[in-house]
Amino acid sequence: MTRALVVHHDIDLADQEADSLRRFGYIVEQCSGPTANTCPILNGGTCDLAARSDVLVYDAWASGDSDGSGALVEGLRRVHPTVPIVLTYPGIGLTSVDDEPAHGVIPLEGQPTGARLHEAIQRALETVRGAAAH
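This is a predicted model, so every value here is computed, not measured.

Another aspect to go through is the side chain of histidine 8. Inspection of the secondary structure assignment puts histidine 8 in the loop between β1 (3-7) and α1 (11-23). A residue is classified by how much of its surface remains accessible, and histidine 8, at 5% relative accessible area, is buried. Separated by 3.0 Å, the side chain of histidine 8 and the backbone nitrogen of aspartate 10 make a polar contact. At a separation of 3.5 Å, a polar atom in the side chain of histidine 8 contacts the side chain of aspartate 59. Not counting residues up to four positions away in its chain, the partners in contact with histidine 8 are Leu13, Ala14, Glu17, Cys31, Ser32 and Asp59.

See below:
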(Lines give C-alpha, C1' and ligand atoms only; values in the text may rest on other atoms or scores of the structure.)
Protein backbone atom coordinates (compact mmCIF):
# COMPACT_ATOMS: atom_id res chain seq x y z
CA MET A 1 0.00 0.00 0.00
CA THR A 2 1.14 3.52 -0.78
CA ARG A 3 1.78 5.79 2.20
CA ALA A 4 0.73 9.41 1.69
CA LEU A 5 1.33 12.40 3.91
CA VAL A 6 -1.33 15.09 3.53
CA VAL A 7 -0.20 18.54 4.66
CA HIS A 8 -2.86 21.21 4.57
CA HIS A 9 -3.41 24.49 6.38
CA ASP A 10 -7.19 23.84 6.56
CA ILE A 11 -7.97 20.85 8.80
CA ASP A 12 -11.41 20.27 7.23
CA LEU A 13 -10.01 20.16 3.70
CA ALA A 14 -7.15 17.97 4.92
CA ASP A 15 -9.68 15.53 6.37
CA GLN A 16 -11.57 15.46 3.06
CA GLU A 17 -8.39 14.78 1.09
CA ALA A 18 -7.27 12.10 3.56
CA ASP A 19 -10.67 10.38 3.50
CA SER A 20 -10.70 10.42 -0.31
CA LEU A 21 -7.24 8.89 -0.46
CA ARG A 22 -8.15 6.20 2.06
CA ARG A 23 -11.07 5.21 -0.18
CA PHE A 24 -8.49 4.73 -2.95
CA GLY A 25 -6.50 2.41 -0.66
CA TYR A 26 -3.78 4.75 0.58
CA ILE A 27 -2.40 4.72 4.10
CA VAL A 28 -2.65 8.38 5.10
CA GLU A 29 -1.02 10.49 7.77
CA GLN A 30 -1.83 14.15 8.24
CA CYS A 31 0.01 17.29 9.30
CA SER A 32 -1.32 20.83 9.53
CA GLY A 33 2.02 22.19 8.36
CA PRO A 34 4.11 25.12 9.50
CA THR A 35 1.13 27.41 10.12
CA ALA A 36 0.20 25.31 13.15
CA ASN A 37 3.43 23.47 14.03
CA THR A 38 7.16 24.00 14.03
CA CYS A 39 8.30 22.61 10.69
CA PRO A 40 11.58 20.71 10.86
CA ILE A 41 12.12 21.21 7.11
CA LEU A 42 11.95 24.99 7.38
CA ASN A 43 14.36 24.77 10.32
CA GLY A 44 16.93 22.83 8.29
CA GLY A 45 16.08 19.38 9.64
CA THR A 46 14.38 16.26 8.39
CA CYS A 47 10.72 15.35 8.73
CA ASP A 48 9.94 11.90 10.11
CA LEU A 49 6.46 11.98 8.56
CA ALA A 50 7.87 12.77 5.11
CA ALA A 51 10.65 10.21 5.48
CA ARG A 52 8.20 7.35 6.02
CA SER A 53 5.88 8.41 3.19
CA ASP A 54 5.86 7.28 -0.43
CA VAL A 55 4.32 10.56 -1.61
CA LEU A 56 3.63 13.98 -0.11
CA VAL A 57 0.39 15.85 -0.83
CA TYR A 58 1.00 19.49 0.05
CA ASP A 59 -1.37 22.41 -0.01
CA ALA A 60 0.47 25.35 -1.58
CA TRP A 61 -0.74 27.47 1.33
CA ALA A 62 0.54 25.03 3.98
CA SER A 63 3.30 27.44 4.90
CA GLY A 64 0.86 30.33 5.27
CA ASP A 65 1.32 31.88 1.82
CA SER A 66 2.13 30.77 -1.70
CA ASP A 67 5.63 32.29 -1.58
CA GLY A 68 6.48 30.22 1.49
CA SER A 69 5.56 27.06 -0.39
CA GLY A 70 8.66 27.55 -2.54
CA ALA A 71 10.96 27.41 0.48
CA LEU A 72 9.08 24.43 1.86
CA VAL A 73 9.22 22.48 -1.40
CA GLU A 74 12.89 23.36 -1.88
CA GLY A 75 13.61 22.10 1.64
CA LEU A 76 11.68 18.89 1.02
CA ARG A 77 13.53 18.31 -2.27
CA ARG A 78 16.85 18.87 -0.48
CA VAL A 79 16.16 16.61 2.50
CA HIS A 80 13.84 14.00 0.94
CA PRO A 81 14.72 14.09 -2.78
CA THR A 82 13.23 10.70 -3.62
CA VAL A 83 9.78 11.39 -2.17
CA PRO A 84 7.55 12.95 -4.84
CA ILE A 85 5.25 15.86 -4.05
CA VAL A 86 1.75 16.61 -5.30
CA LEU A 87 1.29 20.33 -4.77
CA THR A 88 -2.35 21.35 -4.64
CA TYR A 89 -3.48 24.92 -5.21
CA PRO A 90 -6.86 26.52 -5.83
CA GLY A 91 -6.11 28.13 -9.16
CA ILE A 92 -3.88 31.04 -8.29
CA GLY A 93 -0.73 30.50 -10.33
CA LEU A 94 2.37 29.59 -8.39
CA THR A 95 5.52 31.36 -9.48
CA SER A 96 7.70 30.33 -6.55
CA VAL A 97 7.64 26.59 -7.20
CA ASP A 98 9.43 24.75 -9.98
CA ASP A 99 6.66 22.39 -11.06
CA GLU A 100 8.70 20.33 -13.48
CA PRO A 101 7.81 16.66 -13.02
CA ALA A 102 11.51 15.86 -13.39
CA HIS A 103 12.02 17.51 -10.02
CA GLY A 104 9.42 15.27 -8.42
CA VAL A 105 6.77 17.98 -8.01
CA ILE A 106 3.39 17.48 -9.68
CA PRO A 107 1.09 20.52 -9.57
CA LEU A 108 -2.63 19.94 -9.09
CA GLU A 109 -4.61 23.08 -9.82
CA GLY A 110 -8.25 23.33 -8.79
CA GLN A 111 -10.45 21.10 -6.68
CA PRO A 112 -8.41 18.17 -5.32
CA THR A 113 -11.05 15.45 -5.59
CA GLY A 114 -10.14 11.90 -4.68
CA ALA A 115 -9.87 10.86 -8.33
CA ARG A 116 -7.71 13.86 -9.24
CA LEU A 117 -5.47 13.31 -6.21
CA HIS A 118 -5.09 9.63 -7.06
CA GLU A 119 -4.19 10.46 -10.68
CA ALA A 120 -1.65 13.10 -9.59
CA ILE A 121 -0.11 10.72 -7.04
CA GLN A 122 0.28 8.03 -9.69
CA ARG A 123 1.99 10.55 -11.98
CA ALA A 124 4.26 11.64 -9.12
CA LEU A 125 5.24 8.07 -8.31
CA GLU A 126 5.97 7.43 -11.99
CA THR A 127 8.40 10.37 -12.08
CA VAL A 128 10.36 8.79 -9.25
CA ARG A 129 10.29 5.34 -10.86
CA GLY A 130 11.34 6.83 -14.18
CA ALA A 131 14.20 8.78 -12.60
CA ALA A 132 15.42 5.66 -10.77
CA ALA A 133 15.48 3.71 -14.03
CA HIS A 134 17.87 6.21 -15.66
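In this structure, the largest pocket encloses a volume near 220 Å³. His8, Leu13, Glu17, Gly110 and Pro112 are the residues nearest the centre of the largest pocket, which is lined by 16 residues in total. Looking at the lining of the largest pocket, the elements that each hand over two or more residues are α1 and β4 (85-89). The element that contributes the greatest number of residues to the lining of the largest pocket is α1, accounting for four residues. Residue composition of the lining of the largest pocket, grouped by class: five nonpolar, nine polar and two charged.

The element strand β3 (residues 55-59) is extensively covered by neighbouring structure, given that five of its five residues are classed as buried. Burial along β3 is two-sided: the residues Val55, Val57 and Asp59 and Leu56 and Tyr58 are all buried. Sheet analysis places β1 next to β3, joined by four bridges and oriented parallel. The partner of leucine 5 across the bridge, within β3, is leucine 56. Judged from the four bridges that link them, β3 and β4 form a sheet pairing that is parallel. Counterpart to valine 57 in the pairing with β4 is valine 86.

About the thresholds
Residues numbered from 1 in each chain as written. Predicted model: local features only at pLDDT ≥ 70, side-chain atom pairs only at ≥ 80, totals over all residues. Heavy atoms only, no water. Helix = DSSP H or I, 4+ residues; strand = E, 2+ residues; numbered from the N terminus. Buried < 20%, exposed > 50% of the residue type's maximum accessible area, 1.4 Å probe, protein only. Polar contact = N/O pair within 3.5 Å; in protein donor to acceptor, adjacent residues only side chain to side chain. Contact = heavy atoms within 4.5 Å. 1 Å grid on protein atoms, 1.4 Å probe; cavity = no way out; pocket = protein on both sides within 12 Å on 5 of 7 lines; lining within 4 Å. Points joined across faces, edges and corners; volume = space filled by probe spheres on them. Nonpolar A, V, L, I, M, F, W, Y, C, P; charged D, E, K, R; others polar. Pairing = 2+ DSSP bridges.

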